[in-house]
There are 2 protein chains.
Amino acid sequence: MAAKGNAVIGQSGGPTSVINQSLVGVALEARKHGHIDRLLGARHGVRGIVNEDFIELNNASAELLERVALTPAAALGSTRDKPDADYCQRIFASFQKNNVRTFFYIGGNDSADTARIVNDLARQANYELRTFHIPKTIDNDLRVHDHTPGFGSAAKFVASAIMGDDFDNKSLPGVKVDTIMGRNAGFLTAASVLARHYENDGPHLIYVPEVDFDPDKFLGDVDRVYKKLNRCVIAVSEGIHDHNGTPMVVVLAEKLGRAVEKDSHGNVQLSGSGILGDFLSDLIKSHLKIKRVRSDTFGYLQRSFPGYVSQTDASEAREVGRQAVIASADENNNIGLSVIMKRISNQPYRIEYDLTDIRNVARETKHLDPQYIKGGNDISQAFIDYARPLVGQLPTVGAFTEMKK
Amino acid sequence: MAAKGNAVIGQSGGPTSVINQSLVGVALEARKHGHIDRLLGARHGVRGIVNEDFIELNNASAELLERVALTPAAALGSTRDKPDADYCQRIFASFQKNNVRTFFYIGGNDSADTARIVNDLARQANYELRTFHIPKTIDNDLRVHDHTPGFGSAAKFVASAIMGDDFDNKSLPGVKVDTIMGRNAGFLTAASVLARHYENDGPHLIYVPEVDFDPDKFLGDVDRVYKKLNRCVIAVSEGIHDHNGTPMVVVLAEKLGRAVEKDSHGNVQLSGSGILGDFLSDLIKSHLKIKRVRSDTFGYLQRSFPGYVSQTDASEAREVGRQAVIASADENNNIGLSVIMKRISNQPYRIEYDLTDIRNVARETKHLDPQYIKGGNDISQAFIDYARPLVGQLPTVGAFTEMKK
């Protein structure tokens, strides 16, 4: 039995629409166990820990928690801080001062790494601490994890958005470029494939960061589809790059003779801008002489749209939080662990929950399996089989093409 | 009793997520009346009429029609063609050839005008024709109409998107610019106000085309909000312009030293591009030295997102179609009519259906009532009272700020 003490929970990195489900999973389960006295919600992740800026989650009613669970984005506040060794020492000092014996950190691979370092500090100091990384990322790029909470809902949004946009494109034909989040991993962009319902439905072309992007091949692809169907819907990852790894935003800026802005670190900001879609539109207009070319960038809506989550994703996000609390009751679970989902079967879809050493998840990320990529511009049936159960119910649709001629 | 004959139905202009509800309302109601023999669905609006490219809607099962009703965008295909006098003659010729005695045209003010011209041609030729304009536009800018089908669902999407984005912005603070459709009328951008739930919730600033946009005043507004809240969420119409009526995209391109592309008519394309949001972001970054500034352009998702409509809007869209068929049974309804909704009371929300001379709706559009605009950068309670019943259920949310300190 784990020693009694307080627990801290924090949320980190880009929010998702179900990240609060995990928070609420922890908060409600913690009430059932004896080893957690006060559950302290750290405001804005690690920053709240070092500043001792806590919300007393024991005071939150179940009714409020259930509404928080339905609310997108981090209810405790998030942070982009990536703690160095000194920062981690300050986190540990805050834990000692507040008698924190359990640490739940909801986030991606960077958050897992922070949690690992803090747990190591505790062990070196012979301080009893049990640390649990609770997975979260719409990018779905955590190693060992079959998939991550947040992905299913973002994928449902993307698939639905492309489905609607494809119907729009059928009714007013032209070329449409839709830019989807994902700097390094193409899972979310790949999920656009789930929008297809009828023959010749879009997305007709899908470009992920796992495949080097070639503007000339792209123009050839668009030309071919447009000549066949008189329209073309394209799903493209914001993170596409050329064979040197240079982001296409930079390559296209040069090709089109445009300026591109960079931040103080020299990184081109990919999200929160329509620049890639606009560049690709301009490329098509100038080379293919197609009149109606439009682009949309799905932007933050993918990760924050309320009231339209995958129910599978929501309940799994809740459960990973609950599983972390159950595991924290065992004092032997003190090496720093990440709660993972393993897929038992696909039809019917079944998963089981397990734990893995946090080191297996921290730092590095994973990419789309090559078997999920079809040619350089499409996604395979294997990916559809993998992703379909994660998004839950997709919209019901109908079209007059179903009628016999 | 109207003479027996065939009927044509067409869909025109920018699609909405409930435009097929009106189509299905017509198709199902037509089966109950004796005066409509074949119901011909014109592919891509007026173009399908002159090309005699019709779908026999009598052959569509009720089950298929119900699924079509749930599907966004024009199931018959839409068109941007604006028929001139000769084109209208060809429409009328097609009607004569196909013994069309009833014409249902689902669209905005331009479609109403086309319908009016064709109806006038029939009357001049002593040809019995009953023409009904069925309203549709997310812009909500039709005169006489209290509101238009399509607006409520687009407004629900916009309010939900801004609500989610505002939670995202609370969890990772910064400045966020969200660009919303609406070239001339600010109804849809104004609907962003419905996102507010708690004190200090966004959108903190709302800019509509009915108010001349001043970049310096804008920067002052953003600076003031950001200094107070350490964050700022901004909703802006794509159609904002300066006091000369010049689109801000053009004004800002000059101010920032950027190029802007125009179509063959010299019009700057406003939708299907992230350019306005990116320009406003750059303006804020360069003048206010705020680090985290992002923009999203909601784009076509506002009018085509499936599975997330306003139920009020969906049932009203169905009903305007049904009312058009009922009215078409009366041979005296031959002057060209538009089906309108009148608001009887607001609490509880009640409307009644009526008909108006199509001339009252055709050509000119309406704008936000001055009483709906508050200062130059906000929307009034009067608009909230007007728009709230139209969007139906908004997402349930919760925040820890509800807890007593």
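Whatever comes next refers back to the structure up there.
Now for a look at the structure at hand. Position numbers for residues start from 1 in each chain and track the written sequence from start to end. Written order determines the labels here, with chains lettered from A and ligands numbered from 1. For a predicted model such as this one, the threshold for reporting local features is a pLDDT of at least 70, and the threshold for listing and counting side-chain atom pairs is 80 or more; totals across whole chains, interfaces and linings nevertheless cover every residue.

## Comments concerning the interface of chain B and chain A
Then comes step 1: With 54 residues of chain B at the contact, the number on the chain A side is 54 residues.
Then comes step 2: Elements are defined by DSSP. Helices are runs of H or I of four residues or more, strands are runs of E of two residues or more, and each kind is numbered from the N terminus. Among the secondary structure elements, those contributing two or more residues to the side of chain B that touches chain A are α3 (62-69), α6 (151-171), α10 (275-288), β9 (293-297) and α11 (301-304) of chain B.
Then comes step 3: Tallying contributions element by element places α6 of chain B first for the side of chain B that touches chain A, with nine residues.
Then comes step 4: Any residue outside Ala, Val, Leu, Ile, Met, Phe, Trp, Tyr, Cys, Pro, Asp, Glu, Lys and Arg is labelled polar, Gly included; the first ten of those are nonpolar and the last four are charged. Grouping the constituent residues of the side of chain B that touches chain A by class yields 25 nonpolar, 19 polar and ten charged. We call two residues in contact when the distance between their C-beta atoms, placed using the backbone, is within 7 Å.

## Here's the deal with the sheet that holds strand β11 (residues 349-357) of chain B
All names here are of chain B.
Then comes step 1: Pairing is mixed in the open sheet, where seven strands are placed in the order β3-β2-β1-β4-β5-β10-β11. Of all strands in the sheet, those with a lone pairing partner are β3 (54-56) and β11, marking the two edges. Strand after strand, the sheet turns through a mean of 30 degrees between neighbouring axes, direction not considered.
Then comes step 2: In this sheet, strand β2 (residues 36-42) lies alongside strand β1 (residues 5-11) in parallel orientation, the contact comprising four bridges. Bridging across to β2, V8 finds its partner in L40.
Then comes step 3: Against the sheet, helix α12 (residues 311-328) touches β4 (100-107), β5 (130-135), β10 (337-346) and β11, its axis set at about 170 degrees to β5. We call two strands paired when DSSP finds no fewer than two bridges between them. Note on method: axes are straight lines fitted to C-alpha atoms, helices fitted across the in-contact stretch only, with angles between N-to-C directions ranging 0 to 180 degrees.

## As for the nonpolar core
Then comes step 1: Put simply, a nonpolar core is a cluster of buried Ala, Val, Leu, Ile, Met, Phe, Trp, Tyr and Cys residues tied together by C-beta atoms within 7 Å. Any residue surrounded by 20 or more other C-beta atoms within 10 Å of its C-beta is treated as buried, while 12 or fewer makes it exposed and the intermediate range makes it partly exposed; C-beta atoms here are placed from the backbone. Residues V158 of chain A together with V158 of chain B are the most contacted members of the largest nonpolar core, which totals 233 residues.
Then comes step 2: Residues contacting V158 of chain B, with those up to four places away along its chain left out, are I180, L188, A191, S192, F298 and Q302 of chain B.

## Points about the relation of the copies chain B and chain A
Then comes step 1: A least-squares fit on C-alpha atoms brings the copies together, and the residues used are those whose pLDDT is at least 70 in both copies. For the pair chain B and chain A, the best superposition has an RMSD of 0.0 Å and corresponds to a rotation of 180 degrees with a translation of 0.0 Å parallel to the axis. With respect to symmetry, the two chain copies, as superposed, fit the operation of a two-fold axis. Taking the C-alpha atom as reference, chain B places G274 of chain B closest to the rotation axis, 2.1 Å from it.
Then comes step 2: Of the residues that chain B buries at the interface, 98% are likewise interface residues in chain A, meaning the two copies contact each other through the same surface.

## What to know about the sheet that holds β9 of chain B
Residue and element names in this part refer to chain B.
Then comes step 1: The strand order β7-β8-β6-β9 describes an open sheet built from four strands, whose pairing is parallel. A strand with exactly one partner marks an edge of an open sheet, and here the two such strands are β7 (205-207) and β9. With direction set aside, neighbouring strand axes in the sheet form an average angle of 15 degrees.
Then comes step 2: In the sheet, strand β6 (residues 175-180) pairs with β9 via five bridges, with the strands oriented parallel. The residue bridging V175 from the neighbouring strand is V293, located in β9.

## Thoughts on unusual backbone geometry
Residues and elements named next belong to chain A.
Then comes step 1: With an omega of 5 degrees, the peptide bond between G202 and P203 qualifies as cis.
Then comes step 2: With respect to the secondary-structure elements, P203 resides in the loop between α7 (187-190) and β7 (205-207).
Then comes step 3: Here N230, not a glycine, exhibits a phi torsion of approximately 65 degrees, which is positive.
Then comes step 4: Positionally, N230 belongs in the loop between α8 (215-229) and β8 (232-237).
Then comes step 5: For N230, a count of 10 C-beta atoms within 10 Å corresponds to the exposed category.
Then comes step 6: With a phi close to 65 degrees, R363 is a non-glycine residue in the positive phi region.
Then comes step 7: If you trace the backbone, R363 turns up in the loop between β11 (349-357) and β12 (373-374).
Then comes step 8: R363 gets classed as exposed once you count the C-beta atoms within 10 Å, which come to 11.

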